[in-house]
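So the chains spell out like this:
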Amino acid sequence: MAHDELTVAVLGPGGVGGLLAALLARSGHRVICLAGEKTADTLRTSGIEIRSSVFGDFHARVEADTELREPVDACLVAVKATALDDALARVPAQTLGDGLLVPFLNGVEHPATLRERYRADRVAPAVIRVESTRVEPGRIEHTSPIAEIDLAGDPVPAERLDALAAALSAAGPTTRVAPDEAAALWAKMSFLAPFALLTTHHGLPLGDVRTTHREELTALVEETVAVSGAAGGPSDPAQALARYDAFPPATKSSMQRDAEAGRALELDAIGGALLRAAKHHGVPVPVATRLVQELRSQSG
């Protein structure tokens, strides 16, 4: 697929999906946003408005529908794990066909699930480092100074990954093709799990967690990177802790924001997946186990 004329579907045009949809559309690609009837109508008539200190403030026209009705080069999946099953009804496997399915989901288990439903050699998991929020349908605020994507997919043909990465990079986000899918997914998971579990459990931003609950953070990081290392990802706890220390103190996790808003938590996709991987690899994770159990009882 030549990156100068892609047709890209975006399932879930929220903070991440809406930003990518608008950037790709501005770059000259045909973009079809897939969402509920009300959101699809809004995007179809009004497009997407972006406010970003990195990419500027701009407006992009996009197409929108409630279901994918024609083949596309790629379908970016930017819904939460809690909404994945319902959302996938908008992307029939027979319609997607040869197109890449690119999930920007938290956790590490979704690629296997998606490969049961779509062509296994067309599922290309991606990790994005960005802070972007949907203020309302069609209005996105990109507040972080970065937007970086790691694109992976061990069974996906390299030329397909390279072409999509080139299109995304040209549109704005710095995108690289990661050589190892598990390593790319665990690189994010090993950072995200302690961050999400502790900020949500204590109801505190990262700055307070890393000072007031430093011992608990250190113990959880050590458990998580041990599982990550066993699964083929990063395994350096000191490096992981340094990353937390570098973040602004007011930083909150998306799970914490969901808890504050009374929304369903991605607890199973993040905490549950961590515990299942730990059990599979025989790694003891007592702190993670306690936190997941307590959060399940709080949210249940």
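Our subject is the structure listed above.
Conventions we followed
Residues numbered from 1 in each chain as written. Predicted model: local features only at pLDDT ≥ 70, side-chain atom pairs only at ≥ 80, totals over all residues. Heavy atoms only, no water. Phe/Tyr/Trp six-rings, centres within 6.5 Å; stacked < 30°, edge-to-face > 60°. Helix = DSSP H or I, 4+ residues; strand = E, 2+ residues; numbered from the N terminus. Buried < 20%, exposed > 50% of the residue type's maximum accessible area, 1.4 Å probe, protein only. Pairing = 2+ DSSP bridges. Axes fitted to C-alpha atoms, helices over the stretch in contact; angles between N-to-C directions. Contact = heavy atoms within 4.5 Å. Salt bridge = Lys/Arg side-chain N within 4 Å of Asp/Glu carboxyl O.

Peer 1: I would appreciate a short explanation of the packing of aromatic side chains in the present structure.
Peer 2: Any pair of aromatic rings gets described here by the distance separating the centres and the angle formed by the planes. Summed over all chains, the structure comprises 3 aromatic pairs. Taking 5.7 Å as the distance between ring centres and 45 degrees as the angle between the ring planes, the aromatic pair formed by F191 and F195 counts as tilted. Taken together, the positions of F191 and F195, both in helix α7 (residues 181-202) and 4 residues apart, correspond to about one turn of that helix. Across the pair, F195 and F191 agree in class, each one buried. Taking 4.7 Å as the distance between ring centres and 15 degrees as the angle between the ring planes, the aromatic pair formed by F191 and Y244 counts as stacked. In this pair, F191 sits in helix α7 while Y244 sits in helix α10 (residues 237-246), placing the two residues 53 residues apart along the sequence. Residue classification places Y244 among the buried positions, given a relative accessible area of 0%.

Peer 1: Looking at this structure, how should I read the environment of A196?
Peer 2: Here A196 lies in helix α7. When its relative accessible area of 1% is taken as the criterion, A196 is described as buried. Here the alpha-carbon distance between A196 and A264, two residues 68 residues apart in the chain, equals 14 Å.

Peer 1: In this structure, what is going on with the sheet that holds strand β11 (residues 148-151)? I would like to understand it.
Peer 2: Strands pair in a sheet through their backbones, by hydrogen bonds, and they do so in one of two ways: parallel or antiparallel. Strand order in the open sheet formed by 3 strands is β8-β11-β12, with mixed pairing between adjacent strands. Each of the sheet's edge strands pairs with one partner strand only, and the pair in question is β8 (126-129) and β12 (174-177). The mean angle between the axes of side-by-side strands here comes to 15 degrees, regardless of whether they run parallel or antiparallel. Pairing analysis gives 4 bridges linking β8 to β11, with the strands arranged antiparallel. Following the sheet pairing, R129 is matched in β11 by E148. With respect to the sheet, helix α6 (residues 158-171) is in contact with β11 and β12, its orientation differing from that of β12 by roughly 170 degrees.

Peer 1: Even after reading the chapter, I still don't get the sheet that holds strand β3 (residues 48-52), so can you show me in this structure?
Peer 2: The sheet built from 4 strands is open, its strands ordered β4-β3-β10-β9 with mixed pairing. The two strands at the open ends of the sheet, each matched to only one other strand, are β4 (58-60) and β9 (132-136). The average undirected angle you get between the axes of adjacent strands in this sheet is 25 degrees. As defined by bridge partners, β3 adjoins β4 across 3 bridges and the pair is classed as antiparallel. In the sheet register, I48 faces β4, and the bridge partner there is A60. Helix-sheet contacts for helix α1 (residues 15-26) involve β3, β4, β9 and β10 (139-142), and the interaxial angle to β3 is about 100 degrees.

Peer 1: What should I look at first to understand the pattern of salt bridges in this one?
Peer 2: Where charged atoms from two side chains of opposite charge approach closely, those side chains can pair. With the rule as written, the count across this model stands at 25 salt bridges. Note that D245 and R214 form a salt bridge whose closest N and O atoms lie 2.7 Å from each other. Of this pair, D245 sits in helix α10 while R214 sits in helix α9 (residues 214-231), placing them 31 residues apart in sequence. Residue class for R214 comes out partly exposed when judged on its relative accessible area of 30%. R296 is the partner of D268 in a salt bridge, and the nearest nitrogen-oxygen pair spans 3.6 Å. Of the two residues, D268 is situated in helix α12 (residues 267-281) and R296 in helix α13 (residues 286-299); the sequence distance between them amounts to 28 residues. Look at D268 and you get partly exposed, because its relative accessible area is 42%. Where salt bridges share partners, they join D98, R119, D121, R122 and R160 into one cluster.

Peer 1: Hey, could you run me through the pairing of β3 in this one?
Peer 2: Sheet faces and side chains relate simply in a regular strand, where the side chains alternate between the two faces. Of the two faces of β3, only the one carrying I48, I50 and S52 is buried; E49 and R51 on the other face are not. Here β3 folds back onto β4, and the loop between the two strands holds 5 residues, one of which, G56, carries a positive phi near 90 degrees. Both β3 and β10 contribute to a ladder of 4 bridges, which runs parallel. In the strand pairing of β10, S52 is matched with H142.

On their own, these measurements won't tell you what the molecule is for.
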